[in-house]
Amino acid sequence: MILIDGREAAAKLKKEIAREVAAMIDSDMKAPHLAAVLVGDDPASQTYVSSKEKASRAVGITSSIYRLSAKTTEKELLDLIDFLNKDEEVDGFIVQLPLPNHINVERIINAIDYRKDVDGFHPMNVGKMVLGEPSLISATPRGILYLLETYKIETKGKNVVVLGRSNIVGTPMSILLSRKAPNGDATVTLCHSRTQNLKEITLKADIIIAAIGQPEFLKGNMVKEGAVVIDVGIHRIDDEKAAKGYRLTGDVDFKAVSKKTSHITPVPGGVGPMTIAALLKNTLLAAKK
Ligand code: NDP
């Protein structure tokens, strides 16, 4: 079994990004600038945004964070988006999700200039991705494609099962893997909460991408020998034996599943680091355009 090391792959990608950023600065261009908008004080969102800021700085990307109160109105947030769309200093920005319930997420995403939409959530970027045109692709699926490429995992002609159909992970992942393109050409089955006989489907998969948000959902008896398993999930589980009183786990029962796989991602240290690296790559692409 080969453990897919997301930290190592992300470090390699970040090194390439840092080299490109340095080359831009050497040719008198400004450094790419990534802004993040954080509404409210959700602890997980605060951690994500801080990690993105730290990772940006490490590769030479300028970073700024707009911290807004949970009481911010939709109009105030739309005004800030309008400002960031027009700000020539900013090449790309993200609005960290989830947003407070009184704010309409679709309206917010649609208001972002798609050329600065480094999260790749805007309908224009999603549409271009579906058509196979150059676009800013959602960071998590983008990161997973890098992982598959780094570990030379063939997707052409393979049976891939994607568990979960969210707009940010499962759906774009299924489209990217089924495209007529490098890292594509797979036969993809997209499963969700209404899927029947899930185990029968996963047992036929050469590659499984688990993104359903259910801790340790994918069990050893749902995976065939030699399969590749990519675990997108991330959960904090109370654990008295752990020093911090909790442990992190994914959507995959790692202990049982890893006994059968040819390759598997751990949690933490698998998909998570790649998501951030892919976001930085999107920022670089946005700056170059
Ligand atoms: P969502 O909650 O938006 O989507 C979950 C999907 O899983 C839905 O399509 C849902 O089906 C499906 N689902 C839920 N329960 C079942 C079930 N029992 N059987 C089959 N399908 C099921 O999740 P996200 O895509 O946003 O995230 C998935 C996981 O990945 C989460 O743990 C999240 O924290 C993590 N994540 C990690 C990232 C990283 O960088 N490592 C980035 C983004 C997410 P239906 O559509 O029918 O409701």
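Rules used in this analysis
Residues numbered from 1 in each chain as written. Predicted model: local features only at pLDDT ≥ 70, side-chain atom pairs only at ≥ 80, totals over all residues. Heavy atoms only, no water. Helix = DSSP H or I, 4+ residues; strand = E, 2+ residues; numbered from the N terminus. Buried < 20%, exposed > 50% of the residue type's maximum accessible area, 1.4 Å probe, protein only. Polar contact = N/O pair within 3.5 Å; in protein donor to acceptor, adjacent residues only side chain to side chain. Pairing = 2+ DSSP bridges. Axes fitted to C-alpha atoms, helices over the stretch in contact; angles between N-to-C directions. Lys, Arg positive; Asp, Glu negative; His and termini not counted. Salt bridge = Lys/Arg side-chain N within 4 Å of Asp/Glu carboxyl O. 1 Å grid on protein atoms, 1.4 Å probe; cavity = no way out; pocket = protein on both sides within 12 Å on 5 of 7 lines; lining within 4 Å. Points joined across faces, edges and corners; volume = space filled by probe spheres on them. Phe/Tyr/Trp six-rings, centres within 6.5 Å; stacked < 30°, edge-to-face > 60°. Lys NZ or Arg CZ within 6 Å of the ring centre and 35° of its normal. Nonpolar A, V, L, I, M, F, W, Y, C, P; charged D, E, K, R; others polar.

Participant: When you look at the environment of Arg 194 in this model, what are you seeing that I'm missing?
Facilitator: Here Arg 194 shows up in the loop between strand S6 (187-191) and helix H8 (198-202). Its relative accessible area of 64% is what places Arg 194 among the exposed residues. A distance of 2.9 Å separates the side chain of Arg 194 from the side chain of Ser 193, its partner in a polar contact.

Participant: I keep staring at the sheet that holds strand S4 (residues 92-95) and nothing clicks. Help me out?
Facilitator: The strands that make up a sheet are held in pairs by hydrogen bonds between backbone atoms, and each pair lies either parallel or antiparallel. Taken together, three strands build an open sheet; the order of strands is S3-S2-S4 and the sheet is parallel. Every other strand in the sheet has two partners, leaving strand S3 (62-68) and S4 as the edge strands with one partner each. Within this sheet the neighbouring strands show an average axis-to-axis angle of 15°, counted without direction. In this structure, strand S2 (residues 33-39) lies alongside S4, joined through four bridges in parallel fashion. Directly across from Ala 36, in S4, lies its bridge partner Ile 94.

Participant: Is there a simple way to explain the side chain of Lys 116 in this structure?
Facilitator: Among the secondary structure elements, Lys 116 is positioned in the loop between helix H4 (105-111) and helix H5 (123-131). Within the buried set, Lys 116 has no salt-bridge partner at all; the shortest N-O distance to an opposite charge, 6.0 Å, is to Asp 87. A polar side-chain atom of Lys 116 sits 2.8 Å from the main-chain carbonyl oxygen of Asp 87.

Participant: Help me understand the layout of surface pockets, please; the structure alone is not making it clear to me.
Facilitator: Vacant regions in the atomic arrangement are exposed by a probe of water-molecule size rolled over the atoms. In this structure, the second largest pocket spans a volume of roughly 340 Å³. Contributing to the lining of the second largest pocket are 14 residues, with Tyr 114, Arg 115, Lys 116, Ala 286 and Lys 289 lying nearest its centre.

Participant: It is not clear to me how the packing of aromatic side chains should be interpreted in this structure. Could you clarify?
Facilitator: The way to describe two aromatic rings as a pair is by their centre distance and the angle between their planes. Counted according to the given criterion, the structure contains zero aromatic pairs. The ring of Tyr 246 has Arg 236 lying over it, and the distance from NZ or CZ to the ring centre is 4.0 Å.

Participant: How should the pattern of salt bridges be read in this particular structure?
Facilitator: Note that side chains of opposite charge can pair when their charged atoms are close. Under the counting rule described, the total for this entry stands at twelve salt bridges. As a salt-bridge pair, Lys 30 and Asp 91 come within 2.6 Å of each other at their nearest N and O atoms. Placement of the pair is Lys 30 in the loop between helix H1 (6-26) and S2 and Asp 91 in the loop between helix H3 (74-86) and S4, with a sequence separation of 61 residues. Between Arg 57 and Glu 53 there is a salt bridge whose closest N-O contact spans 3.4 Å. Placement of the pair is Arg 57 and Glu 53 together in helix H2 (residues 43-58), with a separation of four residues, close to one helical turn. Through salt bridges with shared partners, a single network forms among Glu 20, Lys 281 and Lys 288.

Participant: Help me out: how do you make sense of empty space enclosed by the protein in this one?
Facilitator: Evaluated as defined, the whole model comprises two cavities of 30 Å³ or more. Of the voids in this model, the largest cavity is the one considered here, and its volume is about 50 Å³. In this structure, the largest cavity is lined by Phe 93, Ile 94, Val 95, Leu 97, Ile 109, Ile 112, Asp 117, Asp 119 and Phe 121. For the lining of the largest cavity, the element with the most residues is S4, which contributes three residues. Its residues assigned to classes, the lining of the largest cavity comprises seven nonpolar, no polar and two charged. Considering only enclosed or pocket space, the second largest cavity measures out at about 40 Å³ in volume. Every residue lining the second largest cavity is listed: Leu 34, Ala 35, Ala 36, Val 49, Lys 52, Glu 53, Ser 56, Ser 63, Ser 64 and Ile 65. Contributing elements (two or more residues each) for the lining of the second largest cavity: S2, H2 and S3. Among the elements that take part in the lining of the second largest cavity, H2 stands out by supplying four residues, more than any other. In terms of residue class, the lining of the second largest cavity is made up of five nonpolar, three polar and two charged.

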